Amino acid sequence: MNASRFNQLLAALFLATMTQQAFAYTTIKCGGNSTKWSGNNYTVRASSVGFPVGPWRDALSSVVSHWNGNPSNLSFGVVWNEPAVAANNNENEAWWEANNGPNIGTYPAVTYVWFKGDCTLKEADVIFNNSVAFHYTTSKTSLWPYGGANRPFQTTAMHEFGHAAGLAHTANTYNIMGSDWTHIHANGATATAYSGEDANNGLVAVYGLWTGGPEDLGVVHWKHTGSSGEYSTHGRTRILDTSNIELAKVAGTAEPVYRVNKGQTIKLELTYENLGKTSPLSAKVGYYLSSNDIISVADRFLGEGNVTLYRGFPDTTFNTSLVIPTDLVSGQTYWVGAIIDYNNAYSERSETNNATYIGIRVN
């Protein structure tokens, strides 16, 4: 493939006009159609220099494992210890380059894709910028979205592997193919990257449904707030009063903490996702009050709700009315939150994404 074609494909990944449905995934196009891997598998060869045995390899491995939980027929794999990497060499590879390197430029990460003559994918290379303050940690206090100094590596890698699968940037919904670092799940001290409902649905549309695949439900304290070019932007969900006005926040906290009164009726805003094979799926949601930022069924039960989630309709962000108990301690911080499928009605791929929180301070 000649150099002009190479540059054309690079431009296509970032700049091409792509068909986009309202509130839905977008895909990389070739000949007007969504491109895909003909064998329904994407296996990448990871550089031995960039991903030696240790935490960076573990972080990339976790990304591959998570994508393998998607409900489509596309599977992901990784081969370690690739001794030599290069773009356009008929091998899928992942490596690091310094800022302004020959393939990375100033992007934090890029994915190059090439097509065969029939417009199926031929090669996809994922390159990370080693001048960016990435970190492999899942400790939320070290990461950008929670006030830390580091960009979460796993969310960026999830985004780039989405490109390698055939997904394009998405601007109009909460989505890993938008601003990836704020597409993340947290409960307690751990913040975890994940593919998300909309990207999963895009892979199902392109590769077909994995009928033997898993169910997976999730709830997060992030939501779609707008767009920046091709990318969706995300912000934290809120606590509102009964007039749907956001409550005042405590100043100087790393995460939002809302001021509430004893006995006050509040509205808890969260985003609920159907990440699995069955759509729609109905589930019970338990709402809790906790003395820490880990929401669990051992916490104080505040009530129950029901949700019906369609995998093809992301942005299921809504409010639930809850009453703040009157016996709480004034001046103390608590956390209110939700657990989807709190009664364990479904066997899920992962239970770690079923709960999340928002902080409150009692006046």
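Just so it is clear, the structure is predicted and the values come from calculations on it, not from any experiment.

(A) A look at the side chain of Gln-154. Of note, Gln-154 is situated in helix H3 (residues 153-165). Excluding residues within four positions of it along the chain, Gln-154 makes contact with Ala-59, Ser-62, Val-63, His-135, Tyr-136, Thr-137, Thr-138 and Ala-193.

(B) Region of interest: helix H4 (residues 197-207). With 10 of its 11 residues buried, H4 lies for the most part within the structure. Those residues of H4 that fall on the buried side of the exposure criterion are Glu-197, Asp-198, Ala-199, Asn-200, Asn-201, Gly-202, Leu-203, Val-204, Val-206 and Tyr-207. Contacts made by the buried residues of H4 are with strand E2 (33-34), helix H2 (55-67), strand E4 (75-82), strand E7 (121-129), H3 and strand E17 (265-274). Looking at the residues trailing H4, positive phi occurs at Gly-208, about 90°.

(C) The state of the cysteines, seen in detail. Scanning the entire structure with this criterion turns up one disulfide. The side chain of Cys-30 participates in a disulfide bridge whose partner is Cys-119; the two sulfur atoms lie 2.0 Å from each other. On the sign convention where negative means left-handed, the S-S torsion of about -60° between Cys-30 and Cys-119 marks this disulfide as left-handed. A residue pair is termed long-range when its members are at least 10 positions apart, and Cys-30 in strand E1 (residues 29-30) and Cys-119 in the loop between strand E6 (109-115) and E7 qualify at 89 residues.

(D) Region of interest: unusual backbone geometry. Cis geometry is found at the peptide bond from Ser-279 to Pro-280, where omega equals 5°. Looking at where Pro-280 falls in the secondary structure, it is placed in the loop between E17 and strand E18 (281-290). With a phi close to 70°, Asn-81 is a non-glycine residue in the positive phi region. Its identity is not glycine, yet Asn-344 carries a phi of approximately 55°, on the positive side. Along the polypeptide, Asn-344 turns up in the loop between strand E21 (333-340) and strand E22 (355-362). For Asn-344, a relative accessible area of 55% corresponds to the exposed category.

(E) Focus on the sheet that holds E21. Taken in spatial order, the five strands make up an open sheet running E16-E22-E21-E18-E19, and their pairing is mixed. Edge positions in the sheet fall to strand E16 (257-260) and strand E19 (300-309), since each of these pairs with one other strand and no more. Pairwise comparison of adjacent strand axes, ignoring direction, gives a mean angle of 30° for this sheet. Of the strand pairs in this sheet, E18 and E19 are connected by nine bridges, and their pairing is antiparallel. Bridging across to E19, Lys-284 finds its partner in Asn-306.

(F) Fine view of H3. For H3, which comprises 13 residues, the first-to-last C-alpha distance of 18 Å matches the rise-based estimate of 18 Å (1.5 Å per residue) to within 8%. In terms of burial, H3 is a largely internal element, 13 of the 13 residues being buried. Directly after H3, the chain includes Gly-166, whose backbone phi takes a positive value near 115°.

(G) Main features of the pairing of strand E3 (residues 41-47). For E3 and E4, the ladder comprises six bridges, and the chain directions are parallel. Paired with Ser-47 across the two strands is Glu-82, which belongs to E4. For the crossover that starts at E3, traverses H2 and ends in the parallel E4, the hand is right-handed. The pairing of E3 with strand E5 (residues 93-97) spans two bridges and is parallel. Bridging from a neighbouring strand, Ala-46 pairs with Ala-94 of E5.

Calculation notes
- Residues numbered from 1 in each chain as written.
- Predicted model: local features only at pLDDT ≥ 70, side-chain atom pairs only at ≥ 80, totals over all residues.
- Heavy atoms only, no water.
- Helix = DSSP H or I, 4+ residues; strand = E, 2+ residues; numbered from the N terminus.
- Contact = heavy atoms within 4.5 Å.
- Buried < 20%, exposed > 50% of the residue type's maximum accessible area, 1.4 Å probe, protein only.
- Disulfide = S-S within 2.5 Å.
- Pairing = 2+ DSSP bridges.
- Axes fitted to C-alpha atoms, helices over the stretch in contact; angles between N-to-C directions.
- Expected span 1.5 Å × (residues − 1).
- Right-handed = clockwise from strand over helix to strand, strands pointing away.

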